[in-house]
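The residues making up each chain are set out below.
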Amino acid sequence: MQLLQELITYVGDQWPRLLGLTVQHVKLALVAVLYGVAVGVPVGYLISRFRRLAEPVLWVTNAIQTIPALALIGFAMLIFGLSPATGIFCLFLYSLMPIIRQTYTAITSIDPAVIEAATGMGMTRWQIFRIVQLPLALAVTMVGIRMAVVMSIGTAAIMSLAGAGGLGSEIFAGIDRVQDKMILAGALPAALLAILADAGMSALERRLTPRGLRQA
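Residues numbered from 1 in each chain as written. Predicted model: local features only at pLDDT ≥ 70, side-chain atom pairs only at ≥ 80, totals over all residues. Heavy atoms only, no water.

1. Brief notes about the packing of helix α3 (residues 69–80) against helix α4 (residues 84–108)
The angle between the axes and the distance between the axes are what describe a pair of packed helices.
Working step 1: At a closest axis distance of 9 Å, the pairing of α3 and α4 adopts a crossing angle of 130 degrees. Classified by the angle between their axes, α3 and α4 sit oblique to one another. Where α3 crosses over α4, the two elements pack in a sense that is right-handed. Mapping the contact onto sequence places A69, L72, I73, A76, M77 and F80 in α3 and A85, T86, F89, C90, L93 and Y94 in α4.
Working step 2: In the contact of α3 with α4, the residues fall into 11 nonpolar, one polar and no charged. (Axes fitted to C-alpha atoms, helices over the stretch in contact; angles between N-to-C directions. Helix = DSSP H or I, 4+ residues; strand = E, 2+ residues; numbered from the N terminus. Parallel < 35°, antiparallel > 145°, perpendicular 65-115°, else oblique. Left-handed = near helix turned anticlockwise from the far one by under 90°. Contact = heavy atoms within 4.5 Å. Nonpolar A, V, L, I, M, F, W, Y, C, P; charged D, E, K, R; others polar.)

Below is the structure:
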C-alpha cells in the first residue's frame, strides 16, 4: 500500500517527464516497424514470386530473431554509436521476421485459380497484386505487422541501454538506484502500451479486412 502511495506521488510530480519518455518510447517502436513494413512486405512478396529465395531469406530472419537483444545492441553500437539510431536499427531487424513470414504465407496461400482468372481477364501483374492479391493477403499480413508492433514496444525498453531513451531509461534508473517506484513508473506504462498496441492493431486488422473475408 505504501509503495502504491509513493508511486502515485512520484508519477504526480514527474508526469511531464514520464509522458515525454512514453512518447519517445512509442516513436522509437513505430519508426522501426515502419521501416520493417517498408522492407519486409516487398521482400515477402518477392520470395513468394521466386520460391528458391524463400528458404534462405526466412532462415536469415529467423537467425536474427534468435540473437539476444544485448548482443545485437553491442553489434549495432559499433556502427551507429550510442544513439536512438542503434535502437531503431535493432528493433527494425527484430520486426522483419514476422512481417516477411506472414506476407509470404499470405501471398502463397491465395488460390492459384484466382490468379489465373485475373490473368485471363487481361489484368497486368501490378493490377493482380493491387486488386486481387493485396486485399486477400492483407488480413494475414496484418497479423505479422501486429506481432512486430507489440514486440517492438516490448523490446524498446531495453534499447535505452543504447542511448535510445524511452521508458527503459526510467526502469534502469530505478534498478540502479534501487527505487521500486521508478521501476514501476517505467514498467507499468511499457506493459500497458504493449496491451493497447495489440488491441489497437487487432481492431485495425478487422477494419482493413474486406467484409466478405470477415464474414467467411
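2. Some thoughts on the pattern of salt bridges
Working step 1: Tallied over the entire structure, the rule returns two salt bridges.
Working step 2: Where R146 meets D198, a salt bridge forms, and the shortest distance between an N and an O atom there is 3.6 Å. With R146 in helix α6 (residues 125–155) and D198 in helix α8 (residues 180–208), this pair connects stretches of sequence that are 52 residues apart. (Salt bridge = Lys/Arg side-chain N within 4 Å of Asp/Glu carboxyl O.)

3. Observations regarding the environment of K181
Working step 1: Here K181 shows up in helix α8.
Working step 2: When the C-alpha positions of K181 and P68 are compared, they lie 28 Å apart, and in sequence the two are 113 residues distant.
Working step 3: In this structure, K181 is in contact with L3, E6, L7 and Y10, ignoring residues within four places of it in sequence.

4. Some details on unusual backbone geometry
Working step 1: Its identity is not glycine, yet V178 carries a phi of approximately 55 degrees, on the positive side.
Working step 2: You can see V178 is positioned in the loop between α7 (167–177) and α8.

5. Section: the packing of aromatic side chains
Working step 1: Applying the stated rule across the entire model yields one aromatic pair.
Working step 2: When the ring of F80 is compared with that of F89, the centres are 5.1 Å apart and the planes differ by 50 degrees; the resulting orientation is tilted.
Working step 3: Given the relative accessible area of 26%, F89 is considered partly exposed.
Working step 4: Stacked on the ring of F50, the Lys or Arg R49 has its end atom at 5.7 Å from the ring centre. (Phe/Tyr/Trp six-rings, centres within 6.5 Å; stacked < 30°, edge-to-face > 60°. Buried < 20%, exposed > 50% of the residue type's maximum accessible area, 1.4 Å probe, protein only. Lys NZ or Arg CZ within 6 Å of the ring centre and 35° of its normal.)

6. Details of the side chain of E170
Working step 1: Here E170 lies in helix α7.
Working step 2: Setting aside anything within four residues of it in sequence, one finds E170 in contact with Y10, R17, L18, L21, M182, A185 and G186.

7. Observations regarding the side chain of Q102
Working step 1: Position of Q102 relative to the elements: it lies in helix α4.
Working step 2: Note on Q102: relative accessible area 17%, which makes it buried.
Working step 3: Filtering out sequence-adjacent residues up to four positions away, Q102 remains in contact with V140, T141, V143 and G144.

8. Some thoughts on α6
Working step 1: Spanning 31 residues, α6 covers only 38 Å between terminal C-alpha atoms, well under the ideal 45 Å at 1.5 Å per step.
Working step 2: Where α6 bends most, at L138, the angle is about 50 degrees. (Expected span 1.5 Å × (residues − 1). Bend = angle between axes of the 7 residues up to and from the residue.)

9. Brief notes about the nonpolar core
Working step 1: Counting 22 residues, the largest nonpolar core has L28, I47, C90, L91, L93 and M159 as the members making the most contacts within it.
Working step 2: Put simply, the parts of the chain that give this core at least two residues each are α1 (2–49), α2 (54–66), α3 and α4.
Working step 3: Per element, the largest residue contribution to this core is eight residues, and it comes from α4.
Working step 4: Sequence-distant contacts of M159, that is, excluding residues within four places in its chain, are made with L28, I73, G87, C90, L91, Y94 and A164. (Core = buried A, V, L, I, M, F, W, Y, C linked by side-chain atoms within 4.5 Å.)

10. As for the environment of S95
Working step 1: In this structure, S95 sits in helix α4.
Working step 2: The class of S95 is buried, set by a relative accessible area of 0%.
Working step 3: Spatially, the C-alpha atom of S95 lies 17 Å from that of A71, the residues being 24 residues apart in sequence.
Working step 4: For S95, the contacting residues outside a window of four places in its chain are A32, V33, G36, A148, M151 and S152.
Working step 5: A polar atom in the side chain of S95 sits 2.8 Å from the backbone oxygen of F92. (Polar contact = N/O pair within 3.5 Å; in protein donor to acceptor, adjacent residues only side chain to side chain.)

Bear in mind that shape data such as this cannot, by itself, settle questions of function.
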